[in-house]
Amino acid sequence: MVAKNPYAKYASNKINTASGEELTLMLYDGALKFCNQAIIALENKDLQKANNLLIRVQDILQEFQITLDRRYPISENLFNLYDFLIDRTMTANLKKDIAIIEEVIGFIRQMRETWKQAMLLARKQQF
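So, a few notes on the structure that sits alongside this text. The structure presented is a predicted model; accordingly, all values stated were derived computationally and were not measured.

Here we take up the packing of helix 2 (residues 20-43) against helix 3 (residues 47-66). Interhelical geometry of helix 2 versus helix 3 gives an angle of 160 degrees and a closest axis separation of 8 Å. Considering their axes alone, helix 2 and helix 3 lie roughly antiparallel with respect to each other. Of the two elements, helix 2 crosses helix 3, and the hand of that crossing is left-handed. Here helix 2 contributes Thr24, Leu27, Tyr28, Gly30, Ala31, Phe34, Cys35, Gln37, Ala38, Ala41 and Leu42 to the contact with helix 3, which in turn contributes Leu47, Lys49, Ala50, Leu53, Leu54, Arg56, Val57, Ile60, Glu63 and Phe64. Broken down by class, the residue content of the contact of helix 2 with helix 3 amounts to 15 nonpolar, three polar and three charged.

Have a look at this one:
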């Protein structure tokens with residue numbers, strides 16, 4: 001019997017034991033990772049790989065849209081922001097434009113940092 005990849009097992013355990021807030025943070029991290037990898041793929045003229053990576057970013061952004069709790073007024077603003085980022089990612093993919101990907105990265109970084117700060121604040125308030 002072949003032993004499983006220890007990193008894959010660790011990653012699986014990390015996902016399975018993460019809170020919803022931590023999973024959201026992981027998704028932001030994944031979107032950033034895929035954007036950065038897409039830039040590298042474009043620089044290496046690997047258009048198919050860049051396409052696949054940017055589609056993964058779009059999938060993450062769509063997941064954020066789907067999981068929004070629409071009872072809150074801010075949800076509409078977030079939905080529109082995610083929609084904008086999906087559109088920009090699609091445009092970057094069609095034009096093979098690294099500058100647009102970097103623009104998307106800037107937004108995602110800000111959103112990730114805001115989410116992380118909100119998580120820390122919520123944890124402080126629990127104790």
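A few words now on unusual backbone geometry. In this structure, lysine 45 is a non-glycine residue whose phi angle is positive, near 60 degrees. The phi torsion at lysine 96 lies on the positive side, around 55 degrees, for a residue other than glycine. If you trace the backbone, lysine 96 turns up in the loop between helix 4 (73-95) and helix 5 (98-126). Look at lysine 96 and you get partly exposed, because its relative accessible area is 32%.

On to the environment of serine 19. Positionally, serine 19 belongs in the loop between helix 1 (6-17) and helix 2. A relative accessible area of 26% places serine 19 in the partly exposed class. A polar side-chain atom of serine 19 sits 3.2 Å from a polar atom in the side chain of glutamate 21.

Where helix 3 contacts helix 4, the axes come no closer than 9 Å and their chain directions differ by 170 degrees. Classified by the angle their axes make, helix 3 and helix 4 are roughly antiparallel. Here helix 3 contributes Asn51, Leu54, Ile55, Val57, Gln58, Leu61, Gln62, Phe64 and Gln65 to the contact with helix 4, which in turn contributes Phe79, Tyr82, Asp83, Leu85, Ile86, Thr89, Met90, Ala92 and Asn93. Classifying every residue of the contact of helix 3 with helix 4 gives eleven nonpolar, six polar and one charged.

Criteria and thresholds
- Residues numbered from 1 in each chain as written.
- Predicted model: local features only at pLDDT ≥ 70, side-chain atom pairs only at ≥ 80, totals over all residues.
- Heavy atoms only, no water.
- Axes fitted to C-alpha atoms, helices over the stretch in contact; angles between N-to-C directions.
- Helix = DSSP H or I, 4+ residues; strand = E, 2+ residues; numbered from the N terminus.
- Parallel < 35°, antiparallel > 145°, perpendicular 65-115°, else oblique.
- Left-handed = near helix turned anticlockwise from the far one by under 90°.
- Contact = heavy atoms within 4.5 Å.
- Nonpolar A, V, L, I, M, F, W, Y, C, P; charged D, E, K, R; others polar.
- Buried < 20%, exposed > 50% of the residue type's maximum accessible area, 1.4 Å probe, protein only.
- Polar contact = N/O pair within 3.5 Å; in protein donor to acceptor, adjacent residues only side chain to side chain.

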